[in-house]
Amino acid sequence: MTDTVADESAALREELATLREELAETRALARRAADRGEIENLFSRYMYLHNAFQDEQIIPFWVKEGTEGIRARYTNAGQYTTWESVTRYHRGRPSPVGKLILHATTTPVIEVAADGRTAKGVWLMAGTESGLTDPEVAKNSPDYMYSPGEVQGKKVWAHWVWCKYAIDFLCQDGEWKFWKFRCYELARAPFEENWVSFGEKNQDAFDLDLMYFGDDGKPVFMPPADEPAPSHNHPYSPSTVQKLEPVPPVPHETFIDTYE
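Worth saying up front: this structure is predicted, and the values here are computed from it rather than measured.

**Here's the deal with the pattern of salt bridges**
When the charged atoms of two side chains with opposite charge come close together, those side chains can pair.
So, point 1. Using the criterion set out here, one finds 13 salt bridges in the structure.
So, point 2. Where Asp-216 meets Lys-154, a salt bridge forms, and the shortest distance between an N and an O atom there is 2.7 Å. Here Asp-216 is found in the loop between β8 (210–213) and β9 (219–221), whereas its partner Lys-154 is found in strand β6 (residues 154–172), with 62 residues between them in sequence.
So, point 3. For Lys-154, a relative accessible area of 24% gives the class partly exposed.
So, point 4. Between Glu-175 and Lys-177 there is a salt bridge; the shortest N-O distance is 3.7 Å.

**Description of the pairing of strand β7 (residues 175–190)**
So, point 1. Burial of β7 is extensive: 14 of the 16 residues sit out of reach of the surface.
So, point 2. Relative to β7, strand β1 (residues 71–75) is paired through 3 bridges, and the arrangement is parallel. Bridge pairing links Arg-71 to Lys-180 in β7.
So, point 3. Across 14 bridges, the pairing between β6 and β7 is antiparallel. By the bridge assignment for β7, Leu-170 is matched with Lys-177.
So, point 4. Between β6 and β7, which follow one another and run antiparallel, lie 2 residues, and Asp-173 among them has a positive phi close to 50°.

**Examining empty space enclosed by the protein**
Any space left empty among the atoms is revealed by the rolling of a water-sized probe across them.
So, point 1. In the structure shown here, the tally under the stated rule is 2 cavities of 30 Å³ or more.
So, point 2. In this structure, the largest cavity occupies an estimated 50 Å³ of space.
So, point 3. Along the walls of the largest cavity sit Arg-71, Ala-72, Arg-73, Gln-79, Ala-166, Lys-180, Phe-181, Arg-182 and Tyr-259, which together make up its complete lining.
So, point 4. Among the elements of the structure, β1 and β7 are those that each provide at least two residues to the lining of the largest cavity.

**Quick look at the pairing of strand β3 (residues 100–112)**
So, point 1. Here β3 pairs with strand β4 (residues 118–133) via 11 bridges, running antiparallel. Bridge assignment links Ile-110 to a residue of β4, and that residue is Gly-121.
So, point 2. Counted between consecutive antiparallel strands, the loop separating β3 from β4 contains 5 residues, among which Gly-116 sits at a positive phi close to 75°.

Rules used throughout
Residues numbered from 1 in each chain as written. Predicted model: local features only at pLDDT ≥ 70, side-chain atom pairs only at ≥ 80, totals over all residues. Heavy atoms only, no water. Salt bridge = Lys/Arg side-chain N within 4 Å of Asp/Glu carboxyl O. Helix = DSSP H or I, 4+ residues; strand = E, 2+ residues; numbered from the N terminus. Buried < 20%, exposed > 50% of the residue type's maximum accessible area, 1.4 Å probe, protein only. Pairing = 2+ DSSP bridges. 1 Å grid on protein atoms, 1.4 Å probe; cavity = no way out; pocket = protein on both sides within 12 Å on 5 of 7 lines; lining within 4 Å. Points joined across faces, edges and corners; volume = space filled by probe spheres on them.

Spelled out as structure tokens, the structure:
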């Protein structure tokens, strides 16, 4: 073999190795992009179903029963750490007449771990919640929770609400699933009141374990938590400074528990 042929052969081998490396990198990049889209769709489907009171359909979005490390937290009252207690949040949720939930998520930051096994995401949510409450039931809540007047003989509650979500996802059997789920309610306010004055008098509500308002506006509370919350959410108050919480995820090699 002449030197020229040998040189050309070596150059081709080097080029082939480079192409193989670039192909592997391109496939990995395409996989991460597809994973990100699947994760965003998963959470968006969650919100569409939740807005329509179809929470039973959300249960399959969670990791399989027995998966280690599952957890969910919605208030400062505690967190849930078993598949049964986590999915209980979605079971038997009613669809009361006159109730509206419209939560719209935005500003996602999603990072898939380099190993492709887990992913992290944060979202902001702005929405409205409203319903009708029997006057006898309404007597058990502060008047400032309700709007003036009545509709169909019932008290009206109509609130703006703002939340943040921090979620860890696990890929199981080729599908992305909720693994660790945290909701931070940031602020709310009745339609007739601003969130600043309402935030001043509604601070204690964030430590309660209210799950939703059911038929006739009756409050339904969360089941007892499996363990105390290791840290607390700090909602908006006119007396405090806002913090970067949760911290948006950054590129990472493998799972890191940053939302605890």
